[in-house]
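# What the coordinates show
Below are the chains, spelled out letter by letter.
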Amino acid sequence: MKQFIKKTAAAAIASCIVCGASAAVCAIEPAASIGSVTYDSLNAALCVVKSGQTIVLQSDVLGKNETHPVGVHTGAAYVSNDSTDLSFTLDLHGHTISSDAEAQVGLLIQTGEQAGAREITIQNGTIRATGEDAAGLEIADQNAATNTSVILNNVTIQAEQDAGVQCFSSALHVDSSKIQGMSDAIYAEDAAISLKSGAFAVTGTDVGADGAIAAYQTQTDDTLTWKPDTVSTKQAMAVSPSDWQTNPAANITTMYFTDIKTEDYFYQPVIWAVQNNITAGTTMSTFSPANGCTRAQNAAFLWRAAGCPEPKDTKLPFTDVPAGSWFEKAVCWAYEQGITAGTTKTTFSPDTTCTRGQVVTFLWRMHGSPEPNSTKSPFTDIKNSDYFYKASLWAQEQGITAGTSKTAFSPNMTCTRGQIVTFLYRDMAEE
């Protein structure tokens, strides 16, 4: 998203951010409490919180898949234009605030042009956004004369398709918290980011994007400040506090994917694939290396490895590739490049798992179907009449795969996610 939520009129700010009603009648989200007073929604409590108070979330919050009347998309929001300085705590109490719609952030904190200073502590829970262009947490201060400061303590923030946190003209203090984002862990403009002992931020893809902390971990207190046009646009930090380089995440998978170990043959290929935006895993914390790779995933991996070129034509003969699907452009590109012709004249079969024979053939065709140097295969389970015969010879000669044994290629065996990123890594990263 990387832009401010549109400015909100003062009249709208005075009402509940979700329904537009007064705090007294808002009843959309699960209950929250301030002291002994219980509110029918978190947003209602955020509308009336006073300095020194603590809002305690009583249950999970799921943002509505709708456009809110005041013009923002969010799971929950604190939007204020009150000129009084204010400091309060939002205790998630082990619960989760989440949103699931496009451009709908998990939690929005926005102060208007007339708002006083704000210090907001968020603690003990999870904030998540799963929609496209949806950050987990967005902080935006529109008053240049004051400062909005947000403190994260023991909070996990996850955004599956955008930055974990977006911070505009504000201060963010991260302590003992975990931030995960698809594009950036933290995207900041004109902001100060303070990372305290034990805190870390991890990105999924697009490592080293402009103005972003890609992957950073420190055992000491450090503050990074962004000002427009005064700081290098590359703010990707290495995970080691002693190695501040723009080449990030030497050990990104040890923090990011729980199912990858340093001794795995696909360990380095997975790091490479994540850093080069080829894949971000199956969830925020798993890569699933043993899972079969589907035809849609394989096409997407190849397309991203090629730099995500725009296909010349988006018209496909395949009835099972929906318009606007996450793999549509990849399949269009692969089809027009002659990498795949589908499984029939009208089907691509995106959910069918790929075999090893199919994957090396796709790679071979991606390179223009070069003639292998040898015409004799060392593999006894491959015949020269097989469509993948030349592709398997080429892949073996190029060091992409040595087969499953000295004499077996296992062309009909499912190609796993760990194997395919390894093939791509050996083909592209080591050339």
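Structural notes, computed from the coordinates. One numbering rule holds for all chains: residues counted from 1, following each sequence as written. Local features in this predicted model are restricted to residues of pLDDT 70 or higher, and side-chain atom pairs are both shown and tallied only at a pLDDT of 80 or more, whereas totals for entire chains, interfaces and linings draw on every residue. For side-chain calculations, the full set of non-hydrogen atoms in the structure is used, while hydrogens and water are omitted.

## As for the nonpolar core
As a rule of thumb, soluble globular proteins bury nonpolar side chains together. In this text, buried Ala, Val, Leu, Ile, Met, Phe, Trp, Tyr and Cys residues form a nonpolar core when linked through side-chain atoms within 4.5 Å. Relative accessibility thresholds used throughout: buried, under 20% of the residue-type maximum; exposed, over 50%; partly exposed, between the two (1.4 Å probe, protein chains only). By size, the foremost hydrophobic cluster in this structure holds 50 residues, and its most contacted members are Val270 and Leu424. Note on conventions: DSSP H or I runs of at least 4 residues are helices, E runs of at least 2 residues are strands, and numbering of each starts at the N terminus. If you list the elements that add at least two residues to this core, you get helix 4 (267–275), helix 5 (295–305), helix 6 (328–336), helix 7 (356–366), helix 8 (389–397) and helix 9 (417–429). Counting residues in each nonpolar core, the second largest holds 37 residues, with Ala32, Leu92, Ile120 and Leu152 among its members.

## Describing helix 6
Three or more residues of helix 6 are buried, namely Glu328, Ala330, Val331, Cys332, Trp333 and Ala334. Contact criterion: two residues are considered in contact whenever any of their non-hydrogen atoms come within 4.5 Å of each other. Contacts from the buried residues of helix 6 go to helix 5 and helix 7. Count one or two residues on from helix 6 and you reach Gly338, which has phi positive near 75°.

## Considering unusual backbone geometry
The bulk of non-glycine residues show a negative phi, and the bulk of peptide bonds are trans. In this structure, Cys308 takes a positive phi of about 55° despite not being glycine. Residue placement: Cys308 occurs in the loop between helix 5 and helix 6. Overall, the relative accessible area of 35% leaves Cys308 in the partly exposed class. One non-glycine residue, Ser410, lies in positive phi territory at about 55°. Position of Ser410 among the secondary structure elements: in the loop between helix 8 and helix 9. For Ser410, a relative accessible area of 14% gives the class buried.

## Structural notes on the side chain of Glu328
Positionally, Glu328 belongs in helix 6. Charge counting follows a simple rule: Lys and Arg are positive, Asp and Glu are negative, and His as well as the terminal groups are ignored. Each reported salt bridge corresponds to a side-chain nitrogen of Lys or Arg within 4 Å of a carboxyl oxygen of Asp or Glu. Buried Glu328, no salt bridge; nearest opposite-charge side chain is Lys329, N-O distance 7.6 Å. Apart from the residues within four sequence positions on either side, Glu328 is in contact with Thr314, Leu316, Val321, Pro322 and Ala323.

What is shown is where atoms sit, not what they do.
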